[in-house]
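Residue strings, one per chain:
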Amino acid sequence: MEVVMIIVIGCLFAGATYLMLSKSLLRIIIGTGLLSHGAHLLLLTMGGLKKGAPPLLGVQAEQYVDPVPQALILTAIVISFGVTAFLLVLAYRSYQEIGTDNIEQMRGKEDHD
Amino acid sequence: MTNAVIFPIAIPLTTAVILIFCVKSLKAQKVISLVSAGALIAAGAWLVRLVDHEGVQKLDVGNWPAPFGITLVSDMLSALLVLTTSVIALAGLLYSFYTIDSKQASMYYYVFFQFLIVGVNGAFSTGDIFNLFVFYEVMLMSSYALLVHGGTKIQLQETMKYMIINVFSSALFVIAVGYLYAVTGTLNMAHLAVRISGAENTAVLTVICLLFLIVFGLKGALFPFYVWMPGAYSAPPSAVLALFGGLLTKVGVYSILRTFSLIFRQDIGYTHTILAWLAMATIVLGVIGAVAYRDMRQIAIYNIVAAIGVMAFGISLMTKESLEGTIFYLLQDMVMKTALFFIVGAIAYVAGTNQLGRFSGLLGSYPLLGWAVFLTALALSGIPPFSGFIGKALIIRAAFEKGQLLFALIVLLSSLLVLYSVMKIFIQSCWGEARGYEQKRVAPLYVPIVALLALAVLYGIGAEFVRPYIAQAAATLADPSLYIESVLKE
Amino acid sequence: MNELILRTVTAVVTFIIILFGIQLFFAGHYYPGGGFIAGLVTAGAIILLLLAFDIKTVRSMIPISYRTLIGIGLLFALGTGLGGLVFDVPFLTHAHGHVMLPLLGDVSLHTAVLFDLGVYFVVVGVTMTIIETIGEEE
């Protein structure tokens, strides 16, 4: 199971890298989204994919799942949710202000000499 | 007192929440921010005293014992950094009061300001590597908001790039934490140190260590990851820039210092040599940038890069003396870089431009500003009575003792060029005939500048008084068992 | 487009979604659920309203400032954290217990619910602030 997951993660990272290297702002943002998905999946896989009872008080079982990776992922998902939302708003604003979503045209300064 | 460590985080957090409700009234915002900054300094000073008297302070958040829950730990290094952050926060507030107008303030400027302090203080105080990531994100989120605050074209454009870089490095951080958890099965830094010192498979750990170096290098502007900085830092208003210059990159340096001295000690010969080489490249390129630019902001930004290099070099040596020098230098650099950006901001305010050569003769109308630049140049390059000297002297002495003559010489030479680069600002803006600037009221801007400079000078002159604290901080770093015992006891 | 169907359905479905959100919120006590997803679901309901009607109508339906909502949520979360300081236990320590209430019988109470309520408000507030920021201009 872990091996399958690792291949999936690899695909996600490859897709993310491809998208992030493109020029369109929207694609870059989708790329960062894929990248964080890959990272979260990696976190889950790295904790070990086990079958077991939820680690709660009062549950009697032979085997428990490790709650730490799940807690970490929840935190990381919330954070990447916030960051992605902010990134989208920012991209929208800069599209309005600069009039392009091409990252190539978003360079240079106003006063140069 | 169980909760001493939480105050530097809880005070700005509470302030931020209160400020959300009184965003309409500029006066209320200023008063509340000021009171909270005062309280923060008091909390920081109290924490330093507490650590000095009772040893390393720890707090198991939510009463979950370490290493299972999240632990906040304050050793002398953390406490000193928190105190310095508080002082910079107060200075930054005073500067903002005059430079940030009411329209910007009503767009939650002071709220994000407080959240930034939450993130920075949290990153300095946490004893859990995933919690470090969380506080990094708190800090970065506020930094995005502050960077784009005002919403000019150039700000939008630079914030976009800054965000993408940081989202990428955050993903790397999560990945690195995932690997670390897979190998060691713990996230508590003290527990990690115990597990890693007994680990057999150190090759994997070295790879993870380098992954962390990339993450922290990206935040801390180490070569070759500093390329985002000159662009991003050219956009925001001076008050924000000064905070960023004084605090953000230093959090990256602190993280390297903490992880490389506490956790990743398994293969010092390899990892720390890489760090040393990166540090050298950072110094050289930073100094070249500082000398080459004629834009005051860029000069100041490349000065940050060069200073980061010196600190990273100090860390890479890993002797008690070099760590002491690094901490000395880190603390003074936080204060001085903030002051430098304040001064550059004030000059740009009266001259209307950042470009040197378009104006001159400031010394006639603004003598205080001129001499402030002069003092900053001396302090930054480390001329003896000023504060930069002791840190650099300790680092260089440690380098000589380790026989790294070439590296020591580069650090020495870089000081000379740093002096030249800041002197260039002094000579070109302050000497000559008075032209190209206007008469504006800058007296309120002098308050934080003079306060920070006075602090830096006192820090240099009163080094004998400060030294025991710094020696204590370095001792905990050089011998992590002290730290580990106090976190994992009970 | 004829919006009649969408509007009629929305009027019913919104309440179901919000109730589902509340169900998720309380389920989070012992089962999957909690303040974060409950907040997202509730925000989803409000967004559905925004799609069916326009921003002005929805503002008059729900006359609260989402930014203030963020503040209130943070106040809740922070308050539960700082409560620990009053009792001299570590920050964020939670208390829980069982109470016998008339009609409801044995109810287990937990201060973490208050924290979760804060999370709920913050999530609704943040999500709606973002949606409004993008939507306002059009």
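What you see is a predicted model, and the numbers here were worked out from it, not measured in a lab.

The next subject is the overall build of chain A. On a plain count of helices and strands, chain A comes out with three helices and zero strands. Shown N-terminal to C-terminal, the secondary structure of chain A runs as helices and strands in the order α-α-α. Expected size for 113 residues packed as a compact globule is a radius of gyration near 13 Å; at 20 Å, chain A overshoots this value by more than 25%. Overall, the C-alpha framework of chain A stretches about 70 × 30 × 25 Å when taken along its three principal axes. Out of the 113 residues belonging to chain A, those deemed buried represent 37%. In chain A, of all internal contacts separated by at least 6 residues, the share reaching a separation of at least 24 is 55%. Working note: accessible area of chain A is about 6600 Å², and carbon and sulfur atoms make up 64% of it. Measuring between centres, the 7 positive side-chain charges of chain A sit 6 Å from its 9 negative side-chain charges.

Residues and elements named next belong to chain B. Position of isoleucine 196 among the secondary structure elements: in helix α8 (residues 189–197). Looking at isoleucine 196, the relative accessible area reads 3%, which means it is buried. For isoleucine 196 and phenylalanine 264, which are 68 residues apart along the polypeptide, the C-alpha to C-alpha distance reads 7.4 Å.

A few words now on empty space enclosed by the protein. Within this structure, the stated rule accounts for five cavities of 30 Å³ or more. The space that makes up the largest cavity amounts to roughly 160 Å³. Ser36(A), Ser80(A), Val83(A), Val167(B) and Ser170(B) are the residues nearest the centre of the largest cavity, which is lined by 17 residues in total. Mapped onto the lining of the largest cavity, the elements with two or more residues apiece are α2 (25–46) and α3 (67–98) of chain A together with α6 (129–148) and α7 (153–184) of chain B.

This part covers the pattern of salt bridges. Residues and elements named next belong to chain B. Per the stated rule, a full pass over the model turns up nine salt bridges over all chains. Among the salt bridges present, the one from arginine 258 reaches aspartate 75, with a minimum N-O distance of 2.8 Å. Here arginine 258, found in helix α11 (residues 238–263), pairs with aspartate 75, found in the loop between β2 (71–74) and α3 (76–99); they are 183 residues apart in sequence, far enough to count as distant. For arginine 258, a relative accessible area of 2% gives the class buried. A salt bridge links glutamate 321 to arginine 397; its shortest N-O distance comes to 2.5 Å.

Glancing now at the side chain of Asn3(B). Secondary-structure assignment places Asn3(B) in the segment before α1 (7–21). If we skip the residues at most four places from it in the chain, Asn3(B) touches Leu59(B), Gly84(C), Leu85(C), Val89(C), Pro90(C) and Phe91(C).

Contact with chain A, which involves 37 residues of that partner, is made by 33 residues of chain B. Here chain A meets chain B over a buried area of about 3100 Å², counting both sides, of which 80% is carbon and sulfur. The largest share of the area that chain A buries against chain B comes from Met46(A), Phe86(A) and Leu90(A), three residues that together contribute 16% of it. Remark: the boundary between chain A and chain B carries zero salt bridges. Our enumeration of links across chain A and chain B arrives at one residue pair in polar contact (both at pLDDT 80 or more). Those elements giving two or more residues to the side of chain A that touches chain B turn out to be α1 (2–20), α2 and α3 of chain A.

Turning next to the confidence of the model for chain A. When pLDDT is averaged across chain A, the result is 85; 94% of the residues are at 70 or more. Averaged over each element, pLDDT in chain A is lowest for α3(A) (88) and highest for α1(A) (93).

So, on to the packing of aromatic side chains. Residues and elements named next belong to chain B. The full count for this structure, using the stated rule, is 35 aromatic pairs over all chains. With 5.5 Å between their ring centres and 75° between their planes, phenylalanine 133 and phenylalanine 173 make a pair best called edge-to-face. Remark: phenylalanine 173 occurs in helix α7 and phenylalanine 133 occurs in helix α6; sequence separation between them is 40 residues. Each member of the pair, phenylalanine 133 together with phenylalanine 173, is buried. For lysine 440, the ring lying beneath its charged end belongs to tyrosine 349, and the centroid distance is 4.6 Å.

Basis of the calculations
Residues numbered from 1 in each chain as written. Chains lettered and ligands numbered in written order. Predicted model: local features only at pLDDT ≥ 70, side-chain atom pairs only at ≥ 80, totals over all residues. Heavy atoms only, no water. Helix = DSSP H or I, 4+ residues; strand = E, 2+ residues; numbered from the N terminus. Rg over C-alpha atoms; globule rule 2.2 N^0.38 Å. Buried < 20%, exposed > 50% of the residue type's maximum accessible area, 1.4 Å probe, protein only. Contact = heavy atoms within 4.5 Å. Areas by Shrake-Rupley, 256 points an atom, 1.4 Å probe, with all protein chains shown as cover. Lys, Arg positive; Asp, Glu negative; His and termini not counted. Charge placed at Lys NZ, Arg CZ, Asp CG, Glu CD. 1 Å grid on protein atoms, 1.4 Å probe; cavity = no way out; pocket = protein on both sides within 12 Å on 5 of 7 lines; lining within 4 Å. Points joined across faces, edges and corners; volume = space filled by probe spheres on them. Salt bridge = Lys/Arg side-chain N within 4 Å of Asp/Glu carboxyl O. Buried area = accessible area lost by both parts, 1.4 Å probe. Polar contact = N/O pair within 3.5 Å; in protein donor to acceptor, adjacent residues only side chain to side chain. pLDDT = per-residue confidence, 0-100. Phe/Tyr/Trp six-rings, centres within 6.5 Å; stacked < 30°, edge-to-face > 60°. Lys NZ or Arg CZ within 6 Å of the ring centre and 35° of its normal.

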